[in-house]
Amino acid sequence: VSGGYKSYTCPLCGAETMRIYPKLAKCMHEECGVKLWRAVAGKNLTDKNLVELITNRKTSIIKGLTSKNGKKFNARIVLQDDGTTKFEFENDKCKKQEKKQS
């Protein structure tokens, strides 16, 4: 454990160089350098949220996020293959399953 920060396996490059800091989780591998910011949609992600995002590539449902126009919503944060994140809403999975059935 370097500098008091535990290292995790980076979900993108696979190196054991992902660390969680007060403002972000960051891969220390030079070629990768993926950054996951703690502040998302008006909330600060917990260490548990960041560990879920690093290890599972998605968080559990986070309640009380705020959209750009001020509306509250609940969603998962999902890490995509390019290192960016997106929201997955609680009812997205239901809609996808309905489409497959029709």
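Above: the structure in question.
The rules behind each value
Residues numbered from 1 in each chain as written. Predicted model: local features only at pLDDT ≥ 70, side-chain atom pairs only at ≥ 80, totals over all residues. Heavy atoms only, no water. Helix = DSSP H or I, 4+ residues; strand = E, 2+ residues; numbered from the N terminus. Buried < 20%, exposed > 50% of the residue type's maximum accessible area, 1.4 Å probe, protein only. Areas by Shrake-Rupley, 256 points an atom, 1.4 Å probe, with all protein chains shown as cover. Pairing = 2+ DSSP bridges. Axes fitted to C-alpha atoms, helices over the stretch in contact; angles between N-to-C directions.

1. A few points about the overall build of the protein
Within the protein, the regular secondary structure consists of two helices and nine strands. The linear arrangement of helices and strands in the protein, starting from the amino end, is β-β-β-β-β-β-α-β-β-β-α. Per-residue burial for the protein yields a buried fraction of 32% across its 102 residues. Put simply, the protein shows about 6800 Å² of open surface, and 50% of that area lies on carbon and sulfur atoms.

2. Concerning the sheet that holds strand β7 (residues 62–66)
On the basis of which strands lie adjacent, the open sheet formed by three strands has the order β7-β8-β9 and antiparallel pairing. Two strands bound the open sheet, and with one partner strand each, they are β7 and β9 (85–89). Neighbour to neighbour, the strand axes of the sheet diverge by 65° on average, direction disregarded. Summarising the sheet, β7 and strand β8 (residues 72–79) pair through three bridges and their orientation is antiparallel. Paired with isoleucine 62 across the strands is alanine 75, a residue of β8.

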